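Coordinates in review
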Amino acid sequence: MENREDLNSILPYLPLVIRSSSLYWPPRVVEALKAMSEGPSHSRVDSGEVLSQAISDMRRSLSFSTLEPSASHGYAFLFDELINEKESKRWFDEIIPALARLLLQFPSLLEVHFQNADNIVSGIKTGLRLLDSQQPGIVFLSQELIGALLACSFFCLFPDDNRGAFMKVIVKILPAEYHNSSTAAPDTDFWSKSDVSLCAFKVHSFGLIEDQPDNALEVDFANKYFGGGSLSRGCVQEEIRFMINPELIAGMLFLPRMDDNEAIEIVGAERFSCYTGYASSFRFAGEYIDKKAMDPFKRRRTRIVAIDALCALKMRHFKDICLLREINKALCGFLNCSKSWQHQNIFIDEGDKEIQLARNDRDSGPLRTETTALHGTPLNDVEINREKPANNLIRDFYVEGVHCEDNEDDGVATGNWGCGVFGGDPELKATIQWLAASQTRRPFISYYTFGVEALQNLDQVTKWIISHKWTVGDLWIMMLEYSAQRLYKQTNLGFFSWLLPSLATTNKAVQSP
């Protein structure tokens, strides 16, 4: 056990010690957890103030620093003031003991994880480890182990310099030009020459991405640091998703900051909460029972992709280099993983030369780190078969017998990614995501406008474009031309009104008194 590179990379960020090839809690921590596991009659932990004292004692036993005053006050405020007496009592009688029992199992859960890590997928390492930028790999985590990691976070039992708290994740990477690699990310010429047909476009003026009914890939409007402000003061789209699907928080421990050519896909996250509001009005609205079907890995059929948008002054978003960055980021995120979680290649033609944009080996990517929470017994070795390459685009390596059966529904559910404080233009961002979804052969994109006025004609515009059989290249070229005119102040129209002048006339007529 001591010689495992994966364990040694993550151990400094965990509260356990290793001796004689076994993982342990220090004896005094075991004593405290056992007392809490038997309820307040044994532990005397029956209030937030006493709980913070017990946690401080455990941290001292682990040679950690003293619990921050803000954390101590937080426990006291939550359990002694914020929630009612009945709910507080349920926490100390039932929930705290259950969490303590789970933490007592943490060393054995982690040992079993590493014992199985080399046997899940033949020839591929799947053990928990820190992932560096541009690093390929696959990580499988059981849901129970994720729960133990989150319990460590709740009890403030991570070392002071740890990176956060964990989950089931895929990191997908397009090679960047600055890598020491023979590959290159798609350039403007590639997008201009694309003859791929545009996929279907469904517009939803109301509703939420997480409630989409089609088993589509759900977009997380992410921070480049996975989870953003989920463990601090953030409470917008990404943070809300992490609150209602708390297993996502686990990925914050071992995932690096995303580069421009990286995306993170999370497979099988279970939803536990309902909510109302947004930002300062966000409120918990009761328990949510996740009834989504299971896939062959016994995970929920939920796939969430985290892609971070460019944050810049609004006019900068019209520059070619920024448009290219955003469309390649979306392309990376939308690469289809529902048919084969294992490997996927994308090829493009550049003159007579076929450039491989994604490989599964360590020297060039797109890489995918799949950290997968299994809701059942881990899989045995899986055989991998190569599928014939699709014309000009995607080559999948299918995992025999385990690819998802919802291939007809593996579109993309998204919305106003990178708009708002990030400065993005809603019309361009909708178009960019449509182009990327189409290029990756997604069958449709479900777009939730959240009532943004600039997108009131989105349905009309997309239907017109599809009726004229435009390709990805056609629409990309028009978007470049429009963006150049905006940069040089040759037009003040929105993209859709510029594209279809009749819309501008109609909008002016509607606004007239």
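This structure is a prediction, so every number in the text was calculated from the model and none was measured.

In this structure, strand S8 (residues 273–276) lies alongside strand S9 (residues 283–287), joined through three bridges in antiparallel fashion. The partner of Thr 276 across the bridge, within S9, is Arg 283. In sequence, S8 turns back onto S9 through a hairpin of six residues, with Gly 277 there showing a positive phi of about 80°.

Once that is clear, we can look at helix H10 (residues 320–334). The terminal C-alpha atoms of H10, which comprises 15 residues, lie 21 Å apart, in line with the 21 Å expected from a rise of 1.5 Å per residue. In terms of residue burial, H10 counts as a mostly covered element, since 13 of its 15 residues are buried.

This part covers a nonpolar patch on the surface. The grouping of Met 315, Leu 487 and Tyr 488 at the surface amounts to a nonpolar patch, some 310 Å² of accessible area in total. Its location among the elements puts Met 315 in the loop between strand S10 (303–308) and H10.

This part is about helix H9 (residues 237–244). The element H9 is largely enclosed, with a buried count of seven among its eight residues. Residues Gln 237, Glu 238, Glu 239, Ile 240, Arg 241, Phe 242 and Ile 244 constitute the buried set of H9. Residues of H9 that are buried make contact with strand S6 (217–222), S8 and S10.

Relative to the helices and strands, Thr 414 is located in strand S16 (residues 412–414). Side chain to side chain, Thr 414 and Gln 433 meet in a polar contact 2.5 Å long. Setting aside residues up to four positions removed in sequence, Thr 414 forms contacts with Ile 209, Val 219, Phe 221, Gln 433, Ile 445, Ser 446, Tyr 447 and Tyr 448.

Another point: unusual backbone geometry. Positive phi values are uncommon outside glycine, yet Ser 63 reaches one of about 60°. Summarising the element assignment, Ser 63 is placed in the loop between helix H4 (48–61) and helix H5 (69–82).

What follows covers the environment of Trp 417. Summarising the element assignment, Trp 417 is placed in the loop between S16 and helix H11 (426–439). A residue is classified by how much of its surface remains accessible, and Trp 417, at 0% relative accessible area, is buried. Each C-alpha atom, one on Trp 417 and one on Val 219, is 8.3 Å from the other, the two residues being 198 residues apart in sequence. Residues in contact with Trp 417, not counting those within four places in the same chain, are Phe 221, Ile 307, Asp 308, Ala 309, Glu 326, Lys 329, Ala 330, Lys 429 and Gln 433. Separated by 2.9 Å, the side chain of Trp 417 and the backbone oxygen of Ile 307 make a polar contact.

The positions UniProt marks with the feature "active site" (unreviewed entry) are Asp 220, Glu 238 and Glu 239. Spatial clustering of the annotated residues is evident: they stretch over 20 residues in sequence, but the largest pairwise C-alpha distance comes to 9.3 Å. As for its position among the elements, Asp 220 is in strand S6. In this structure, Glu 239 sits in helix H9. Classification of Glu 239 as buried rests on a relative accessible area of 8%. Contacts of Glu 239, omitting those with residues within four sequence positions, involve Gly 227, Gly 228, Gly 229, Ser 230 and Gly 234.

Counted by the stated rule, this structure contains five cavities of 30 Å³ or more. In this model, the second largest cavity occupies a volume close to 50 Å³. Lining the second largest cavity, in full, are His 317, Cys 322, Leu 323, Glu 326, Asp 425, Leu 428, Lys 429 and Ile 432. Elements represented by at least two residues in the lining of the second largest cavity include exactly H10 and H11. Taken together, the residues of the lining of the second largest cavity sort by class into four nonpolar, one polar and three charged.

This next bit is on the nonpolar core. Core analysis: the largest hydrophobic core is formed by 62 residues, its most contacted members being Trp 25, Leu 51, Phe 106 and Phe 155. Among the elements that take part in this core, helix H6 (residues 85–116) stands out by supplying 10 residues, more than any other. When residues no more than four places from it in sequence are discounted, the contact partners of Trp 25 are Pro 15, Leu 16, Val 30, Leu 33, Leu 62, Leu 103, Leu 104, Phe 106, Pro 107, Cys 152 and Leu 157. Grouped together as the second largest cluster of nonpolar side chains are 54 residues, Leu 198, Ile 307, Leu 331 and Leu 475 included.

Basis of the calculations
- Residues numbered from 1 in each chain as written.
- Predicted model: local features only at pLDDT ≥ 70, side-chain atom pairs only at ≥ 80, totals over all residues.
- Heavy atoms only, no water.
- Pairing = 2+ DSSP bridges.
- Helix = DSSP H or I, 4+ residues; strand = E, 2+ residues; numbered from the N terminus.
- Expected span 1.5 Å × (residues − 1).
- Buried < 20%, exposed > 50% of the residue type's maximum accessible area, 1.4 Å probe, protein only.
- Patch = residues over 30% accessible without salt bridge, like charges linked within 9 Å, V, L, I, M, F, W, Y side chains within 5 Å.
- Areas by Shrake-Rupley, 256 points an atom, 1.4 Å probe, with all protein chains shown as cover.
- Salt bridge = Lys/Arg side-chain N within 4 Å of Asp/Glu carboxyl O.
- Contact = heavy atoms within 4.5 Å.
- Polar contact = N/O pair within 3.5 Å; in protein donor to acceptor, adjacent residues only side chain to side chain.
- UniProt positions renumbered as here; feature names shortened; annotations may be inferred.
- 1 Å grid on protein atoms, 1.4 Å probe; cavity = no way out; pocket = protein on both sides within 12 Å on 5 of 7 lines; lining within 4 Å.
- Points joined across faces, edges and corners; volume = space filled by probe spheres on them.
- Nonpolar A, V, L, I, M, F, W, Y, C, P; charged D, E, K, R; others polar.
- Core = buried A, V, L, I, M, F, W, Y, C linked by side-chain atoms within 4.5 Å.

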